[in-house]
Amino acid sequence: MKLGILSDTHGHLDRTRHALDILRNQKIDQLIHCGDVGSDLILDQLFEQQEAGVPVTVVPGNVDEWEPGIPLYARKLGFPFHLTARLTLSSTRISVYHGHDLKLRDSLIADPETDIFLTGHTHVARDEQIGHVRVINPGAVYRAATPSVAVLDLGAGEKLDYFEL
């Protein structure tokens, strides 16, 4: 199973479309957005992916909390849009959180029920082991020195690839 991971789109439609094209070309099975969606237009793009058969998980970021219309629109499209998300895919327990509350972030990383923690917020790509948890940040689609997305292949020894935009 291949996960397409992106974060920090900040409402930038053209860059997000390019990111989604890259992820589609990698033949992802599931898409995860780690927060700071930034606009309804980005949610529409994510919804199109879901309608095309790619399940989507999206969590809000700190920027999304400033605009009450974004969570409402996400829920209208059928995205729960909870602060955190937990998934079990290919027997791997994954937690997703934007990362802006350090106490919550650290508690999810320390959780014995988490194997992989997906996060955003820093706009810097990251792949490191902290205790028993692998922490992955795909970087940022927008407002990054090097904009990027990531693909995690759970069926290939959890191989991670980054793609610059």
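Please refer to the structure placed before this passage.
In this text, all values refer to a predicted model and were calculated from it rather than measured experimentally.

## Structural notes on the pattern of salt bridges
Applying the stated criterion across every chain yields a total of 9 salt bridges. We note a salt bridge from R105 to D106, for which the minimum N-O separation is 2.8 Å. Classification of R105 by relative accessible area gives partly exposed; the value is 22%. Overall, D106 belongs to the partly exposed group, its relative accessible area being 39%. One salt bridge connects D161 with K159, and the closest N-O pair in it is separated by 2.6 Å. Sharing partners across several salt bridges, the network here consists of R93, E113 and D115.

## What to know about the sheet that holds strand β6 (residues 116-118)
Strands sit in the order β4-β5-β6-β8-β7 across an open sheet of 5 strands; the sheet is mixed. Where the open sheet ends on each side, the last strands, each with one partner, are β4 (84-89) and β7 (126-130). Adjacent strand axes in the sheet meet at a mean angle of 20°, parallel and antiparallel pairs treated alike. Examined bridge by bridge, β4 and strand β5 (residues 92-97) share 6 bridges and lie antiparallel to one another. Residue pairing across strands places R86 opposite S95, the latter belonging to β5. Against the sheet, helix α5 (residues 102-110) touches β4, β5, β6, β7 and β8 (133-137), its axis set at about 180° to β5.

## A word on the packing of helix α1 (residues 13-25) against helix α2 (residues 40-51)
The geometry of α1 relative to α2 is characterised by a closest axis approach of 10 Å and an angle of 20° between their N-to-C directions. Judged by the inter-axis angle, α1 sits roughly parallel to α2. For the crossing formed where α1 meets α2, the hand is right-handed. Counting all contacts with α1, which are made through L13, T16, R17, L20 and R24, the residues of α2 involved are L41, I42, Q45 and Q49.

Procedures and definitions
- Residues numbered from 1 in each chain as written.
- Predicted model: local features only at pLDDT ≥ 70, side-chain atom pairs only at ≥ 80, totals over all residues.
- Heavy atoms only, no water.
- Salt bridge = Lys/Arg side-chain N within 4 Å of Asp/Glu carboxyl O.
- Buried < 20%, exposed > 50% of the residue type's maximum accessible area, 1.4 Å probe, protein only.
- Pairing = 2+ DSSP bridges.
- Helix = DSSP H or I, 4+ residues; strand = E, 2+ residues; numbered from the N terminus.
- Axes fitted to C-alpha atoms, helices over the stretch in contact; angles between N-to-C directions.
- Contact = heavy atoms within 4.5 Å.
- Parallel < 35°, antiparallel > 145°, perpendicular 65-115°, else oblique.
- Left-handed = near helix turned anticlockwise from the far one by under 90°.

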